[in-house]
Amino acid sequence: MPLGVALIPVIILLLALISLIAVKGPDSVQEWSSHILLGAATVSCLIAVIGYRRPFKALKIGMLKSFKQIIPSFPVLLLIGAVSATWMLSGTVPMLIDYGLKLLNPTMFLFVTCATCAVISVLTGSSWTTIATIGVAFMGIGTVMGYSDGWIAGAIISGAYFGDKVSPLSDTTVLASSSTGVRLFTHIRYLMITSVPAMSLALIAFAVAGFTTTLTDSASATEIEQALESTFNLTPWLLMIPALTVTAIFMRFNTNIVLMVSALAGLAGVYVFQPGIIDRLIEDGHSMSGLGFTMLFTDTAVSTGSEILDPLVATGGMAGMLPTVRLVAAAMVFGGALMGTGMLSVITETFTRKLDSPRLIVGATVGSGLFLNSCTADQYLSIIIGGNLYRRIYNRNRLESRLLSRSLEDSVSVTSVLIPWNSCGVTQSAVLGVSTLVYLPYCFFNILSPLMSLTMAWTGYRIRRLTRAACE
């Protein structure tokens, strides 16, 4: 199959997305239009290979491989919607917002947000859990302080993905090391060479932004605090809900179990700590018997008397995540079609055929990571494909496997959240309520990581060739 034919669906998708953004703006990428664009790209993929006798069995295998990687994320997405709803209605997030407004220095807010999310993500090994819990609280605090959505989301995501990237508890970190045959802590130590400088520069950028941003005056912040306190019962006992979640994480429970425990704890918290919220919901026409179902599965609005707070405390539940699930499913089908038709292998093999220097090889690995993230719409699949694709190339050129594992992490794990139709980009956009293309310019760590990987390859720092005997 010629390279030009293999590139047809990718070019169609990119041109369609650029046109959509130009006409409707960046927020439109997460709307229903994107499902149609991904579907059209999938159809073009199937039409383009009609004359190349690609067996149906190969297409089936590609689809199944894509389904196997992405289907498990669907219950996670739905449970994140439930956690966001119950943590809001129970008063957990409002309490964290209230404490944040009282205790945090507004000027250092972005810096503290990024650093805190990094620490929590290192301890939990999960950027998704970090963003869906403490990240949502920071989003509310920053909005009230007067920061733009892009800056807040960028600080949250930068910190969460740094922690996820270097944590020994992270599934992507384990996958990157195991798929390339590198010991986990060897991989993490080598990863620090690019991750620490990237994170340091990101923290500096957030600190500078805090000193140069015009913030909400203290009188407005006080009014919002009063609105929170008059709407919710803000008691320290609410900290039991996140404490229970952290306990479940450290006990190494399955992600679905952790989120389920967190959602049910939040739901119990609504009944125990927020009788006023229960009364308001019943007054709005919800029945007492079906109230739990309503809070978990459907949208719920609570009036606080503040125009800024009302959108923040409104929840969508599991139903609010359905558009995200549909978009991820459409991206999954597109990725499966690219793999099953053989187009993905044609593209990657064409661009990796003549690599011979560390600079070119690392550059191609980073570029392929971004490309795979765009095509497969899943970071796990991208890491596996990238590892299998480049392992022989690194071995042939006597380069260390840890260089491959680091290059994959620098280009796949942290950039997945920057791609609007990737499962990570879609999820974090939905959870934080900020379009991917709006927060993208402010995700400094995620942008700097692949650039730092290229810089280290260009300078040759800590990159060495193995002896021929070591490669045999």
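Residues numbered from 1 in each chain as written. Predicted model: local features only at pLDDT ≥ 70, side-chain atom pairs only at ≥ 80, totals over all residues. Heavy atoms only, no water.

## Some thoughts on the packing of aromatic side chains
Counted according to the given criterion, the structure contains nine aromatic pairs. An angle of 55° between the planes, with centres 5.2 Å apart, marks the rings of Phe206 and Phe444 as tilted. In this pair, Phe206 is assigned in helix H11 (residues 184-212) and Phe444 in helix H25 (residues 444-459), connecting sequence segments 238 residues apart. Taken as a pair, Phe206 and Phe444 share a single burial class, namely buried. A centroid spacing of 6.4 Å and a plane angle of 80° characterise the contact between Tyr390 and Tyr394, whose relative ring orientation is edge-to-face. Of the two residues, Tyr390 and Tyr394 both sit in helix H21 (residues 379-396), four residues apart, roughly one turn of that helix. Across the pair, exposure class does not vary: Tyr390 and Tyr394 are buried alike. Feature note: the residues Trp151, Phe206, Tyr442 and Phe444 constitute an aromatic cluster, connected by ring pairs. (Phe/Tyr/Trp six-rings, centres within 6.5 Å; stacked < 30°, edge-to-face > 60°. Helix = DSSP H or I, 4+ residues; strand = E, 2+ residues; numbered from the N terminus. Buried < 20%, exposed > 50% of the residue type's maximum accessible area, 1.4 Å probe, protein only.)

## Describing the pattern of salt bridges
Applying the stated criterion to the full structure yields two salt bridges. Among the salt bridges present, the one from Lys165 reaches Asp410, with a minimum N-O distance of 2.3 Å. With Lys165 in helix H9 (residues 149-166) and Asp410 in helix H22 (residues 401-413), this residue pair connects regions lying 245 residues apart in the sequence. Residue Lys165 is classed as buried on the basis of its relative accessible area, which comes to 1%. (Salt bridge = Lys/Arg side-chain N within 4 Å of Asp/Glu carboxyl O.)

## Regarding the packing of helix H7 (residues 109-124) against H11
Helices that pack against each other are described as a pair by the angle of their axes relative to one another and the distance between those axes. H11 packs onto H7 with a crossing angle of 150° between their chain directions and a minimal axis gap of 7 Å. What the angle tells us is that H7 and H11 run roughly antiparallel. Contacts between H7 and H11 involve Leu110, Phe111, Cys114, Ala115 and Ala118 from the former and Met199, Leu203, Phe206, Ala207, Ala209 and Gly210 from the latter. Looking at the contact of H7 with H11 residue by residue, the classes come out as 10 nonpolar, one polar and no charged. (Axes fitted to C-alpha atoms, helices over the stretch in contact; angles between N-to-C directions. Parallel < 35°, antiparallel > 145°, perpendicular 65-115°, else oblique. Contact = heavy atoms within 4.5 Å. Nonpolar A, V, L, I, M, F, W, Y, C, P; charged D, E, K, R; others polar.)

Purely spatial values, then, with no claim about function.
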